[in-house]
Amino acid sequence: MKNPISDNNQIQIVNTFSELVHINFQGVTNAICWKRNLTGDFKEIVSKLRLKENITEIYAEDLLTLKLSENGIIAREIILNDLQLLTDFGASPSLNLLRNYERDEEFEIISTDVYSYHVDRSPIGTHTFLCTYHGAASDILPNEQAIQKILIPEVREKLKELHNGSEEEFEAFLKENYFDLHYHPLSNSQPINLGSGNLWKLAVDHPEQQVLPCIHRAPLENDGEHRLLLIC
């Protein structure tokens, strides 16, 4: 079962881009949503873009070369405007057309790919911005509804067997391999789907952060459908 966006105190809803970027996280709020009901035909844009690999970065000039219907043009202008707003703010947005992300097959004990619930980490004060224009959208999870995977006793013991070193070195090993960033949902957890068209700001784990980082995951893609995703 998934919670609606409006029913969770983890999320603050705003009505403008200015509010999205200037309102700070506080208390239990670690996700801010510029909730939008976008018009335009984003599916048409996806159908006319060329996927070169599983993930292909799309640039403004790629969008501008597309011959689109009136609704496709509206969708393109929305995307270009979002890219410009974030760039002017000082972010480095990337527009991705994707079939799927790579799966983590190195460690059977604990998955560290983006399909696993995880938090983002940065050495500097920053945020994750995210918008799905087409295809399946990501989920977030309230922090109290998840446990760090490395705190699950059986997982921790298996990781210690894999490492076979001192406790101090073990903690460094967990960070170096990003094991500490991944979470397991508790029973009866209720993920929140981010929906299409909404532009999100998610809290990141960094030294200046005053709130818990936002736990999120990439969705399983719908069969035969590519996602169009803005992220930075």
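Before any of the text, the structure's been laid out above.
To start, this report covers the structure provided alongside it. (Residues numbered from 1 in each chain as written. Predicted model: local features only at pLDDT ≥ 70, side-chain atom pairs only at ≥ 80, totals over all residues. Heavy atoms only, no water.)

1. As for the pairing of strand β12 (residues 227-231)
Piece 1. With four of its five residues buried, β12 lies for the most part within the structure.
Piece 2. Two elements, strand β4 (residues 94-98) and β12, share five bridges in a ladder whose sense is antiparallel. The partner of L95 across the bridge, within β12, is L230.
Piece 3. Strand direction decides the pairing type here: strand β5 (residues 127-134) and β12, joined by four bridges, are antiparallel. If you follow L130 over to β12, its bridge partner there is I231. (Buried < 20%, exposed > 50% of the residue type's maximum accessible area, 1.4 Å probe, protein only. Helix = DSSP H or I, 4+ residues; strand = E, 2+ residues; numbered from the N terminus. Pairing = 2+ DSSP bridges.)

2. Focus: the nonpolar core
Piece 1. In terms of nonpolar packing, the biggest core is built from 33 residues, with I45, L63, I79, L95, Y133 and L228 touching the most fellow members.
Piece 2. Among the elements of the structure, α1 (17-22), β2 (31-34), α2 (42-48), α4 (70-89), β4, β5, β10 (199-203) and β12 are those that each provide at least two residues to this core.
Piece 3. A per-element tally of this core places α4 first, with six residues.
Piece 4. Leave out the neighbours within four places in its chain, and Y133 touches R36, L38, F42, I78, I79, D82, L95, L228 and L230.
Piece 5. Counting residues in hydrophobic clusters, the runner-up holds 16 residues, among them A31, C33, L202 and A218. (Core = buried A, V, L, I, M, F, W, Y, C linked by side-chain atoms within 4.5 Å. Contact = heavy atoms within 4.5 Å.)

3. Considering the sheet that holds strand β11 (residues 215-217)
Piece 1. Sheet architecture is open: three strands sit in the order β9-β6-β11, paired in antiparallel fashion. What marks the edges here is a single partner per strand, and that holds for β9 (192-193) and β11.
Piece 2. Looking at chain direction, strand β6 (residues 139-141) and β11 are connected through three bridges and run antiparallel. Bridge pairing in β11 links D139 to R217.

4. Observations concerning the pattern of salt bridges
Piece 1. Tallied over the entire structure, the rule returns nine salt bridges.
Piece 2. Here R156 and E167 are joined by a salt bridge, their closest N and O atoms 3.6 Å apart. Here the residue R156 occupies a position in helix α5 (residues 153-163), and E167 occupies one in helix α6 (residues 167-176), the gap between them amounting to eleven residues.
Piece 3. Given the relative accessible area of 44%, E167 is considered partly exposed.
Piece 4. The partner of K160 in a salt bridge is E167, and the shortest N-O contact between them spans 3.6 Å. (Salt bridge = Lys/Arg side-chain N within 4 Å of Asp/Glu carboxyl O.)

5. Details of the sheet that holds strand β3 (residues 55-58)
Piece 1. The strand order across the open sheet built from seven strands is β1-β2-β10-β5-β12-β4-β3, with neighbouring strands paired in mixed fashion. Where the open sheet ends on each side, the last strands, each with one partner, are β1 (11-14) and β3. Along the sheet, successive strands turn relative to each other by an average axial angle of 25°, direction set aside.
Piece 2. Alignment of β3 against β4, held across four bridges, turns out to be antiparallel. What sits directly across from I58, in β4, is L95. (Axes fitted to C-alpha atoms, helices over the stretch in contact; angles between N-to-C directions.)

6. Focus: the packing of α5 against α6
Piece 1. Following both chains from N to C, one finds α5 and α6 inclined at 105°, their axes separated by 11 Å at the closest point. When the interaxial angle is binned, α5 and α6 end up roughly perpendicular. Across the interface between the two elements, R156, L159, K160, L162 and H163 from α5 touch E167, E169, F170, E171, F173 and L174 from α6.
Piece 2. Considered class by class, the residues forming the contact of α5 with α6 number five nonpolar, one polar and five charged. (Parallel < 35°, antiparallel > 145°, perpendicular 65-115°, else oblique. Nonpolar A, V, L, I, M, F, W, Y, C, P; charged D, E, K, R; others polar.)

7. Digging into α4
Piece 1. Along its 20 residues, α4 runs 29 Å from first to last C-alpha, staying within 8% of the 28 Å computed at 1.5 Å per residue.
Piece 2. Of all the positions in α4, only G72, A75, R76, I78, I79, L80, D82, L83 and L86 are classed as buried.
Piece 3. Looking at the residues trailing α4, positive phi occurs at G90, about 110°. (Expected span 1.5 Å × (residues − 1).)

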